Amino acid sequence: MADKLNIIWLQGQACTGCTISLTGGTHPSIVDVLTGFMPHIEGINLVYHSTLMLSWGEEATKVLKDAENGKYDPFVLVVEGSVPDEDNAKSSGGYFCGIGEIDGKMITLNDVLPTLAKRAGAVVAVGTCASFGGIPHGTPNPTGSKGVLEFLGKDYKSALGLPVINISGCPPHGEYMIEALGHLVLTARGVLPVPELDEHNRPKFLYGEKAHETCPRAGHYCEGDYSKEFGDAGCMGLLGCKGPISHCDVPRRGFVEGVGGCPTVGGICIGCTEPEFPDEPFGPFLRKAPASAYTSETIKDVVGKISAVLGRLSPRKI
Ligand code: SF4
Ligand code: SF4
């Protein structure tokens, strides 16, 4: 059992939205975790996070160098943001993603990621950028951006023998990140087994359902009651909602303190948790997804409507 566990949180090609979302998680909150309010996951120390830490400049960058030399073992490496192809940048004499300087020399994300990943007990990619490339990876992908899993290689295993774990979303729900990290802490302490992952390395306990299955407008979908414009109360499938092909329970969970959640509050789902996001079939966001992407949902919908009609025809039993 690891009593103390450090977290090193790197930011690559990111907008810091995942960090903002992290601070919005409330059940539990990141403050609960870091102050040891939850006994089973106490002893967590956030030693490096370029937005939240107090150190700055070379003093902060030195933490990464010390981590490469084992000072912060055992640690979980969290990556927010995608990883660029620095060879592309070198050809024009620059770099895409500097994360700090030591002795006046720029350190890039690509410099530290392989060495830290080799030492880390687990590597967690938070957000769709770190998971699959996300927005920077969208066509035409000028920086050659990719997700951490693609950068480290599909055969990568952490010091605990785990693959890269993806917590996708743009941003992911704050509690998705905290629940996933909490689960890994309990795995490291021998309390829980390794979380079961889906085909995109996302924990099934978080990504096992589609937004459509958890949407409060799903009854309107089953009735064929579609919104014609934003603000209508119906299903927003014809306005471009990609809930039927996106894995996420945010419409039911809400975004902060149970409030919000894309289709719940009148915004379409844009498929922000999915590997292809923001490209086809999720973009253009306001265009209905191609029929092929919806095939299984369409079949379920037709079967559902037939059984609803048959249900109404049968005599009621009290
Ligand atoms: S609004 Fe979107 S997620 Fe909700 S029922 Fe309609 S298609 Fe599904
Ligand atoms: S409902 Fe859709 S757009 Fe909203 S968080 Fe979930 S996957 Fe992303």
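Computed from a predicted structure; not experimentally measured.

Visitor: Looking at this model, I keep getting lost on the site of ligand 2. Mind explaining?
Guide: Every residue close to ligand 2 is listed here: Ala 211, Cys 248, Cys 262, Pro 263, Cys 269, Ile 270, Gly 271, Cys 272 and Thr 273. Each residue belonging to the shell around ligand 2 can be placed in one class, and the counts come to seven nonpolar, two polar and no charged.

Visitor: How should the domain arrangement of the protein be read in this particular structure?
Guide: By a widely used convention, the size of an interface equals the accessible area lost when the partners come together. Each assigned domain of the protein is listed with its residue range as follows: domain 1 (5–207) and domain 2 (211–313). Placing the centre of domain 1 and that of domain 2 at their C-alpha centroids yields a distance of 30 Å. Contacts between domain 1 and domain 2 engage 24 residues on the former and 16 residues on the latter. Between domain 1 and domain 2, a total of about 1,500 Å² is buried, with carbon and sulfur atoms accounting for 54% of that surface. Summed over the shared surface of domain 1 and domain 2, the result is three salt bridges. Across the pair Arg 253 and Glu 175 runs a salt bridge whose closest N-O atoms are separated by 3.5 Å. Linking domain 1 to domain 2 there are eleven residue pairs in polar contact (both at pLDDT 80 or more). Counting residues per element, the ones that place at least two in the side of domain 1 that touches domain 2 are α1 (17–24), α6 (127–132), α7 (134–137), α9 (174–188) and α10 (204–207).

Visitor: Please clarify how the sheet that holds strand β7 (residues 165–167) should be interpreted in this entry.
Guide: Strand pairs in the sheet, formed through backbone hydrogen bonds, run parallel or antiparallel to each other. Taken together, five strands build an open sheet; the order of strands is β2-β1-β3-β6-β7 and the sheet is parallel. Of all strands in the sheet, those bounded by a partner on one side alone are β2 (44–49) and β7. Across the sheet, the axes of successive neighbouring strands diverge by a mean angle of 25 degrees, strand direction being ignored. Strand direction decides the pairing type here: strand β6 (residues 122–126) and β7, joined by three bridges, are parallel. Bridge pairing in β7 places Val 124 opposite Ile 165. Taken strand by strand, helix α3 (residues 57–68) contacts β1 (5–11), β2 and β3 (75–80), and its axis lies near 120 degrees from that of β2. Packed onto the sheet, helix α5 (residues 109–119) meets β1, β3 and β6 and runs at close to 145 degrees relative to β3.

Criteria and thresholds
For every chain, the first residue of its written sequence is number 1, and the numbers climb from 1 along that sequence. Whichever chain is written first is A, and whichever ligand is written first is 1; the rest continue in order. Restriction of local features to residues with pLDDT of at least 70 applies here, the model being predicted, together with a cutoff of 80 or more for giving and counting side-chain atom pairs; totals for whole chains, interfaces and linings are based on all residues. Here the side-chain values reflect all heavy atoms present in the structure, with hydrogen atoms and water set aside. Any residue with at least one heavy atom within 4 Å of a molecule or strand is counted as near it. Three categories are distinguished: nonpolar for Ala, Val, Leu, Ile, Met, Phe, Trp, Tyr, Cys and Pro, charged for Asp, Glu, Lys and Arg, and polar for the others, with Gly belonging to the last. A domain assignment, automatic or from a database, supplies the domain bounds used here. Here, residues are in contact when the closest pair of their heavy atoms is within 4.5 Å. Throughout, buried area stands for the accessible area (probe radius 1.4 Å) lost by two parts on being put together, summed over both. We count a salt bridge whenever a side-chain nitrogen from Lys or Arg sits within 4 Å of a carboxyl oxygen from Asp or Glu. In protein, a polar contact means a hydrogen-donor-capable atom and an acceptor-capable atom, both N or O and within 3.5 Å, with residues adjacent in sequence counting only if both atoms are side-chain atoms; elsewhere, any N or O pair within 3.5 Å suffices. The helix count covers DSSP runs of H or I at least four residues long, the strand count covers runs of E at least two residues long, and both are numbered beginning at the N terminus. When DSSP finds two or more bridges between a pair of strands, those strands are recorded as paired. The convention used is that axes are lines fitted to C-alpha atoms, helices contributing only their stretch in contact, and that angles between N-to-C directions extend from 0 to 180 degrees.

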